[in-house]
Amino acid sequence: QVQLVESGGGLVQTGGSLRLSCAASGRTFSSYAMGWFRQAPGKERAFVATINWSGAYTYYADSVKGRFTISRDNALNTVYLQMNSLKPEDTALYYCAARSMSGSAVADSEYTTWGRGTQVTVSS
């Protein structure tokens, strides 16, 4: 089973960019689909993006489509979330998650392993 550690969060102004990274331990990373989720204060955790085992398939929440890009490097056991044109409503704790199947998924119940999260704050 993989373990996940997120990094790259921080404080950025509206319109700025950040790249989140999620480093995974374990030799089976390439067999896992991966996802990014976020939770804003007072709100439920929400889906952001997902990528299948090979990186050939990605899917995004409507709220981030065209601004965020998910990618992975299986040689480095890392998944990324490039976030551009950030808005104050993107402020949240961002979580990386692993699904012990190769196909990607939207529901958080499909993911078996979670990181502790990295905070992203976008100032107006």
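None of the values given here were measured: they were computed from a predicted structure.

A. Just the packing of aromatic side chains, in detail. On inspection of all chains with the given rule, the structure shows 6 aromatic pairs. The structure contains a cluster of three or more aromatic residues connected by ring pairs, namely Phe37, Phe47, Tyr59, Tyr95, Tyr111 and Trp114. Arg45 extends its terminal NZ or CZ atom over the ring of Tyr95, reaching a point 6.0 Å from the ring centre. A cation over an aromatic ring shows up here: Arg72 above the ring of Phe29, its NZ or CZ 4.5 Å from the ring centre.

B. Quick look at the side chain of Thr78. Here Thr78 shows up in strand 8 (residues 78-83). One polar contact links the side chain of Thr78 to the main-chain carbonyl oxygen of Leu76, over a distance of 2.9 Å.

C. Structural context of a nonpolar patch on the surface. A surface patch of nonpolar side chains, about 280 Å² in accessible area, is lined by Tyr57, Tyr59 and Val106. Tracing the sequence through the fold places Val106 in the loop between strand 9 (92-99) and strand 10 (113-114).

D. Representation of unusual backbone geometry within the structure. Positive phi values are uncommon outside glycine, yet Asn77 reaches one of about 55 degrees. Structurally, Asn77 is set in the loop between strand 7 (68-73) and strand 8. Take Asn77: its relative accessible area is 19%, and that puts it in the buried class.

E. Broad picture of the sheet that holds strand 7. As summarised here, the arrangement of the 4 strands in space is 1-3-8-7, forming an open sheet in which the pairing is antiparallel. Looking at the sheet topology across the chains shown, the edges are occupied by strand 1 (4-7) and strand 7. Shown here is a sheet whose adjacent strand axes are inclined to one another by a mean of 15 degrees, direction ignored. Sheet topology note: the strand 7/strand 8 ladder contains 6 bridges and is antiparallel. Opposite Thr69, over in strand 8, you have Gln82 as the bridge partner.

F. Spatial organisation of the state of the cysteines. Using the criterion set out here, one finds 1 disulfide in the structure. In this model, Cys22 is linked to Cys96 through a disulfide, with the two sulfur atoms separated by 2.1 Å. Disulfide Cys22-Cys96: the torsion about the S-S bond is -75 degrees, which places it as left-handed. One end of the pair, Cys22, is in strand 3 (residues 18-24); the other, Cys96, is in strand 9, with 74 residues separating them in the sequence.

G. Looking closely at the pattern of salt bridges. Throughout the structure, instances matching the rule amount to 5 salt bridges. Residue Asp108 is joined to Arg45 by a salt bridge in which the shortest nitrogen-to-oxygen separation is 3.4 Å. Taken together, the residues Asp108 in the loop between strand 9 and strand 10 and Arg45 in the loop between strand 4 (33-39) and strand 5 (46-51) connect sequence positions 63 residues apart. Since its relative accessible area comes to 33%, Arg45 is described here as partly exposed. We note a salt bridge from Asp90 to Arg67, for which the minimum N-O separation is 2.7 Å. Linking Asp90 in the loop between strand 8 and strand 9 with Arg67 in the loop between strand 6 (58-60) and strand 7, this pair joins segments that are 23 residues apart in sequence. The same class applies to Asp90 and to Arg67, which are both buried. Because the salt bridges share partners, they merge into one network encompassing Arg38, Arg67 and Asp90.

Parameters and conventions
Residues numbered from 1 in each chain as written. Predicted model: local features only at pLDDT ≥ 70, side-chain atom pairs only at ≥ 80, totals over all residues. Heavy atoms only, no water. Phe/Tyr/Trp six-rings, centres within 6.5 Å; stacked < 30°, edge-to-face > 60°. Lys NZ or Arg CZ within 6 Å of the ring centre and 35° of its normal. Helix = DSSP H or I, 4+ residues; strand = E, 2+ residues; numbered from the N terminus. Polar contact = N/O pair within 3.5 Å; in protein donor to acceptor, adjacent residues only side chain to side chain. Patch = residues over 30% accessible without salt bridge, like charges linked within 9 Å, V, L, I, M, F, W, Y side chains within 5 Å. Areas by Shrake-Rupley, 256 points an atom, 1.4 Å probe, with all protein chains shown as cover. Salt bridge = Lys/Arg side-chain N within 4 Å of Asp/Glu carboxyl O. Buried < 20%, exposed > 50% of the residue type's maximum accessible area, 1.4 Å probe, protein only. Pairing = 2+ DSSP bridges. Axes fitted to C-alpha atoms, helices over the stretch in contact; angles between N-to-C directions. Disulfide = S-S within 2.5 Å.

These results come straight from atomic positions and should not be treated as a statement about function.
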